[in-house]
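# What the coordinates show
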Amino acid sequence: ASQSRPLPRETANASRQAEQHLEKRWTMSCDDTPSVKVDGRVPLSPVPGRGDLMLVDWLRSEAVGERAPKVACREGVCGACVVQVNGVALCSCLLPAWECSESVIRTARSLSGSSGGAASASTEASSCRPSSSRDPASSPSSMPSACAQISGLQPAAAALVRHGGSQCGYCTAGAAIILDDAASARRACSNASAVADVEECLLDGLLCRCTGYRGLLEAARELFSETEAPATQPQPQRPAGPWTGGCRLQSAEELLASWRRENVRLCAGGTSLGVLRALGGGGVSRGPCTELLEQVERRLTDEQDASARCSLLRTAGELRSCELLHDEEMRVGGAVTSVLCQPARSDLIVLLITLRARVRVRQRHDARLRTVSLSDYCHEAATDERTPLERYVAPRLLIESVLVPLRWPDPAATSPPRLWTRRLSSRGVNNTAEAVAASVCCGDGESSVAAAPVVVALRSRPQLLLVSSVEDQVARGLDACSRRLLGGLLAQRRSFASTATVTPPSPPSNLERAVGVRAAPGVPNERWRPRLDAHLQASGRCTYSGDLAVVHAAGTLHGAPVLSSRARSLFLGVNTERAVRAVAGARFLGAADVPGENSAFPVSDLCAADEPLFLPVGERTSFVGQWLGVMVARSAAEARRAARLVHVLYRSVNDDDQRTMEKHVESSAGQDEKRTAVHKANTLTEDKEEQDANATAIDGKGHRDGDERSAVLSVEEAEERGSFLASQSGGVSLMPPVRTCTPAELQAELARCEVVASGEVHTAAQAHFHLESQVAVACPEDGGQQTAAVYSSTQDPRGVQCSVASALGLRAAAVEVEAIRLGGDFGGKGPRSLPVAVAAAVIAAVCGRAACLQVDRQTELLSQGRRHGMRARYTCGGDRDGRVRALQVDLLLDGGSSTDTSLLVANVALMNADAAYYVSHFEVGARVARTNLPTSTAMRGFGQPQATFATEVALCAFAAKAGLAPEEVRTRNLFGAASGTDVTPYGQRLADGGCTLCTTWRTLLRESEFAERRAAVDRWNAEERARQSGRWRGLAAVPLKYGVGYVPPALNQAAACVHALYADGSLVISHGGVEMGQGIGTKLAAVAAEVLGVLGMRAEDVRVAPTSTATVANALPSGASVACDLNARAVASACHQLRERLMPLCGPDYRPSYEAWCSLLSRAFFAQVHLSAISLGLYDERADRFDESHSGPAAAPLRWDWRTCRGSPYRYFTYGAAAAEVEVDVNTGEVELLRVDALCDAGDSLNPALDIGQVEGAFVQGFGLFMSENPDAPEQRGSALCYSVPGVRNVAHQLNVRLLSPAERAPSGEEGHRRSYSGQRAKSVGEPPLSLACSVYFAAVDAIRAARQRSGEDASEFVMPSVPLTASAVRDLVPI
């Protein structure tokens, strides 16, 4: 249901007119296609009449050239592609372009206010938008705003700039349109209920992996505070044309018949397109359909009896009050019949069945109509034995209409009916639901409970359930987990029915979330600057690699990877006959076509070269999703289609067969002979093998029916079979165990401990899910020379440069790589970006044309790497007073199918397994398992969150056995809590860098009112209402210690070039860091302005150039939280060099000003003073020469002994602490985050606004790691709709984030310990705060313990659950 607002009578006539108009458009040629206005201008090319061209692709095409909407998911989930069509915000990735003929389209560019086109676009949209959602008198251009003057931006975009609502900026243009749309809708609301609807679902249609949503919500609050709803508004209506039209059933059948040989379907509403892609469907034609519920609502307005007590829709607050599946932007373009035809169980289906709706249907090729109940229709669909795709593209029934009763058909009802709905999913909306339930309550108390059953749709079952209690026969047939979930839903329904109020208590609206403090006391106000490119991001004018003009040029080729569907099978080759026949000009490139070395990582500072770029013929596949080659075509859509049509030949072999095959193949010379030998060695006929390949059943993780030996799919299986990655590969070695004593001394100390706790805990993998997927653009020879230019979305330009050169057989100097900016990155665009760039370069070199390869979301989730899963076994012993005396931890990481960065990640885990605690007898060891899963790679934290979490679990288990509060044990064992306890297990003294861990911890406990809230939580859990409602509260706090930098000291370096231009006094900075949302360009500009500001240079005179290997060579990857640090040191040093050269020219009467600065540069140029400087940024005493604020002795050089695992590898540590309070519903397993307090030591922050945003974003991403995300879970595989990235509804109600002040960092007596952290004494906060999110996990565990204790369970015997702590895991931990 898109909008539950009544329609005026004129819509009926408009619908009949639109019916003819829509049917005409199915056969419309390009010559007579009506024009479209985009941001006030008419594109040169009209909208094509193709049904498979989405609006976002047409807007981004060369014909239109509008790159503000981004392609991120193609499922209508993320919001990056949202635009306004005739004044309504819609997901352009699900909207066919042909539907927008004669429409006015607004993108985020129209919010810049910098062009006349923007204003005209706003005016045009206002003139044709429906008055319900947009009032022409209240267009954005006329709305007053305190921030409307920022760079000429309109209010929605300006509010995002002011409140730091963007980081990488990839979703910001869509967010600006969503906020602008919501503000306009709020102004059009005529009552408080409608306003509440807008605020409740605000930003539900947006996924942001960077910001943590705080800046977005604050921008919305400012925007809404300036928006006043008028007293009265005209009745709502949709614009005429595609939004109210429909086609006759006969016409629909004729269209299906005309396409009977193709795999097509009539889709009403864009939602169906995303579902069809998830099922692997081919081309799609989309037919119009009447919006049935709008007709129902219009009839309600015309026919409803105001005195009727049983008008169900009215008393339920209209359909929109229910919890629906998708966000507003996705729903407004949908249609009811499309949802009913989906193979997935939709919320709307459950709702309509609860309302006792019926459908009028007919068989195909049968003119007779019959009316059946919707429940019978759904049951018939569920019992269809065809595959989901076959059922979806070839329906047996056509729906003519949906009939919804206007009044509840129960004459015995004594009170107005009330509608109860419940939806369980990890992010509340816009995510596949674990369960959807609805029921009607026609009375009060037990009579209401017994009167109407509950309609339930479970994700684990295809059929809908109609139950009244868990003892029903239907319920008894469910498994234990489903029965528990069903019991929780029925308990909530009973609670709702027994209340006297119509609406039970509910969580706050989205607008009321993330309310709290953002502060950095003691930091000068001038440092609170917005990002340099924030105004460009908010107005959709930022350029990313996929936005370059060459990507959309007519002659550019596009590639799509061909993936393996089987693990541990012999790859015999591919058959591309179908693909070439279906896609003209398509071509397959495989391992034999690579001009040079066929390696994913030929040269890399962090990775081992044990993974091929494309799997050679005759080799065994390693995992489902491995790259076998690429299909090349003229467009990305055609390339993806061709890749799906490629037939891959396999043969299942065991290890003995594999060795025999390899020996036979090695005896042949050359690629052609090798392929021939493989086919001769195959004992199966090709026809039989092809049939076997097509019939193979894959479970998504690598199991295949009939494999002689199943794939290794877990670290336990790898351990059992002895499958481990080599301890040394590609120059990287796995460290030996880090220990403070011998193993014998450790065991002796454990034997003397009064309390000993042992156990194991698992940490699941986590997908990166950066909104901009992997993309690279390559251009071949330039001017006849053997050179290549690559534009890559990578954090490692040097690695791309060397890898492309190796694959093409060129020298590294012949390859130029530029990384403009990244649309989000958390480590996944380090090593895993190299194969994408190399593949694009191979396409360009072989085909001789520019080539682009952008990995789609489904492929990226399947094959592009993720965080390392980890199993940790621990033994923790100590005294009953809470002092931990011995701790032993064994870490087993899931490295996936190849080495990648696994050995380095394991080393970082070893270095950080001590967490924030001093333990006299300590030992930690690590191994890396080789499995048949996608390769694990670098991700934010680089192994530290998993290792730190294992130690925190060990201390929590120890505290439970000792009968102490976990926070008490943490306080007693902090580094620096007692004399001599500030030395890490590898021998580095924390006090040498100024340890603020204890200060941060005590401050956090005091400011969060931890003791008072602990007492309040205990009182809540002791009350009877907690047991009756099943809602228990928990509270926890954790500290943080994070060593910043690479363990190999040689990797801690960066270079920067600074050029002063005498013509106008501007400054250009070229550096080796990559902008990925952390604000490195903004911070470097601030450093330059601070150093050269004494001579009169202004901050606005600084320009930070894109990162390029042609300007700064040998740049190391922007990772390990050192990019800002080291590049700031390099820029500061280079600016000091310039200042030293210019100072002699100033004279005694020099007065700093812009005019004086320009004159100074002019004199310097004509005096032949060099106005360019280059410098190196290092973590040692050489970098302190230009730091005038440096005090105390020079910093000791970094040192590390790999043999003994002793030394001082980190220049400094970042400290922090966080406290979280949650409310857990043990009936359903839902965890509501009530309050979060976070405190971080960021040093003398260069930009508190950016640093606080980094803390918030890392915390929310950590929430996903510990509470919701698991790419290996069957219910989360395959799409953005399934994968449980945290959304705005996962944000805490109250969020307080603060940076430690200078006075708190250096109290009296500690001034001598201050050190220069970076060029400006700032600390990195990009990665460290992520592990603070485990406080949410421990708070949830605290609530679960309380529930178990009330059930009579022994708290000391409680086994700490693994992560993520999902809803199903919570339900399993608490007895019914």
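Residues numbered from 1 in each chain as written. Predicted model: local features only at pLDDT ≥ 70, side-chain atom pairs only at ≥ 80, totals over all residues. Heavy atoms only, no water.

### Considering the overall build of the protein
Keep this limit in mind: Secondary structure elements follow DSSP: runs of H or I no shorter than four residues count as helices, runs of E no shorter than two count as strands, and numbering proceeds from the N terminus. For every residue, the accessible area (1.4 Å probe, protein chains only) is compared with the maximum for its type, and the residue is labelled buried under 20%, exposed over 50%, or partly exposed between those bounds. Contacts are residue-level and defined by heavy atoms, with any inter-residue pair within 4.5 Å sufficient. Where accessible areas are quoted, they stem from the Shrake-Rupley method and a 1.4 Å probe; at the residue level, only the protein chains shown are allowed to cover.
Counting secondary structure elements, the protein contains 44 helices and 39 strands. Across the 1376 residues of the protein, 63% fall into the buried class. Within the protein, residue pairs in contact and separated by at least 24 positions form 78% of the contacts whose partners lie at least 6 positions apart. For the protein, the exposed area adds up to about 48,600 Å²; of that, 50% sits on carbon and sulfur atoms.

### Structural notes on the confidence of the model for the protein
We apply this condition: The predictor attaches a confidence to each residue, called pLDDT, with possible values from 0 through 100.
Across the protein, the average pLDDT comes to 77, with 73% of residues at 70 or higher. The element-level mean pLDDT for the protein is lowest in helix α11 (residues 312-315), coming to 30, with strand β26 (residues 870-878) highest at 96. Contacts from residues 500-504, a stretch scored under 50 in pLDDT, to residues over four places away or in other chains number 5 contacts. This model gives residues 1182-1193 a pLDDT under 50, and the stretch forms 25 contacts once residues within four places in sequence are excluded.

### Focus: a nonpolar patch on the surface
Stated formally: Patches here are clusters of residues that have more than 30% relative accessible area and form no salt bridge, with a 9 Å joining cutoff for like charges and a 5 Å cutoff for nonpolar side chains (Val, Leu, Ile, Met, Phe, Trp, Tyr). Between Lys or Arg on one side and Asp or Glu on the other, a salt bridge is scored when a side-chain nitrogen of the former is within 4 Å of a carboxyl oxygen of the latter.
There is a patch of nonpolar side chains on the surface, built from Tyr1062, Phe1165 and Phe1166 and spanning about 320 Å² of accessible area. Looking at the element boundaries, Phe1166 is found in helix α40 (residues 1154-1166). The exposure class of Phe1166 is exposed, given its relative accessible area of 62%.

### Comments concerning the sheet that holds strand β37 (residues 1213-1225)
Test applied: One bridge is not enough; two strands pair if DSSP finds at least two bridges between them.
The mixed open sheet is built from 5 strands, whose spatial order is β12-β39-β38-β37-β29. Unpaired on one side and paired on the other, β12 (518-519) and β29 (1031-1043) mark the two borders of the sheet. Direction of pairing for strand β38 (residues 1230-1240) relative to strand β39 (residues 1294-1299): parallel, over a ladder of 6 bridges. Directly across from Cys1240, in β39, lies its bridge partner Leu1299.

### Side note on helix α38 (residues 1080-1092)
Put simply, the test is: Expected span of a helix, by definition, is 1.5 Å for each gap between consecutive residues, and there is one gap fewer than residues.
Given a rise of 1.5 Å per residue, 13 residues ought to cover 18 Å, and the 18 Å separating the end C-alpha atoms of α38 matches this to within 8%. Burial in α38 covers these residues: Ile1080, Gly1081, Thr1082, Lys1083, Leu1084, Ala1085, Ala1086, Val1087, Ala1088, Ala1089, Val1091 and Leu1092. The secondary structure elements touched by the buried residues of α38 are β31 (1067-1071), β32 (1102-1104), α39 (1123-1142), α40 and α41 (1248-1268).

### Considerations on the side chain of Asp547
In plain terms, the rule: For the purposes of these results, a polar contact is taken to be a pair of N or O atoms within 3.5 Å, where, inside protein, one atom must be able to donate a hydrogen and its partner to accept one; residues adjacent in sequence count only when each atom of the pair is a side-chain atom.
Turning to its location among the elements, Asp547 is positioned in the loop between α20 (534-538) and α21 (549-552). A polar side-chain atom of Asp547 sits 2.7 Å from a polar atom in the side chain of Arg60. In this structure the side chain of Asp547 is engaged in a polar contact, spanning 2.5 Å, whose partner is the side chain of Lys70. What Asp547 contacts, discounting residues up to four positions off in sequence, is Arg60, Arg67, Lys70, Cys542 and His552.

### Let's talk about the nonpolar core
Here is the rule: Residues belong to a common nonpolar core when they are buried Ala, Val, Leu, Ile, Met, Phe, Trp, Tyr or Cys residues joined through side-chain atoms within 4.5 Å.
Among the nonpolar cores identified, the biggest contains 205 residues, and Leu891, Tyr1337 and Phe1338 are the most heavily contacted of them. The contacts of Leu891, once residues within four sequence positions are left out, are Met870, Arg871, Ala872, Ala909, Val924, Gly925, Ala926, Arg927, Ala947 and Ala950. In terms of nonpolar packing, the next biggest core, distinct from the first, is built from 38 residues, Phe601, Val800, Leu808 and Ala841 among them.

### Thoughts on the side chain of Arg866
Residue position: Arg866 is located in the loop between α31 (857-863) and β26. Residues within four places of Arg866 in sequence aside, it is in contact with Ala765, Gln766, Ala767, His768, Leu933, Pro934, Thr935, Ser936, Thr937, Pro1271 and Asp1272.

### What to know about the sheet that holds strand β4 (residues 104-106)
The condition that has to hold: What counts as an axis is a line fitted to C-alpha atoms, over the stretch in contact for a helix, and the angles between N-to-C directions run from 0 to 180 degrees.
Read from one edge to the other, the open sheet built from 4 strands follows the order β1-β4-β2-β3, with strand pairing classed as mixed. The open sheet has two free edges, formed respectively by β1 (37-38) and β3 (88-91), since each of these has just one partner strand. Taken together, the 2 bridges between strand β2 (residues 82-85) and β4 define a ladder with antiparallel strand orientation. Along β4, the bridge assignment pairs Gln84 with Arg106. Across the face of the sheet, helix α5 (residues 172-188) comes into contact with β2, β3 and β4 while running at roughly 40° to β2.

### Observations concerning the packing of α5 against helix α7 (residues 214-225)
For any two helices packed against each other, one specifies the crossing angle of their axes together with the interaxial distance. We count it as follows: Throughout this description, any angle smaller than 35 degrees is read as roughly parallel, any larger than 145 degrees as roughly antiparallel, any in the 65 to 115 degree range as roughly perpendicular, and the remainder as oblique. The crossing is said to be left-handed when, going from far helix to near helix, the turn is anticlockwise and less than a right angle, and right-handed when the turn is clockwise. Residues are grouped as follows: nonpolar covers Ala, Val, Leu, Ile, Met, Phe, Trp, Tyr, Cys and Pro; charged covers Asp, Glu, Lys and Arg; every other residue, Gly included, is treated as polar.
One can describe the packing of α5 onto α7 by two numbers: an axis separation of 10 Å at closest approach and a directional angle of 30°. Judged by the inter-axis angle, α5 sits roughly parallel to α7. Note that α5 runs across α7; the crossing there is right-handed. Contacts from Ala175, Leu179, Ala182, Ala183 and Arg186 in α5 reach Leu216, Ala219, Ala220, Leu223 and Phe224 in α7. Grouping the amino acids of the contact of α5 with α7 by side-chain chemistry returns 9 nonpolar, no polar and 1 charged.

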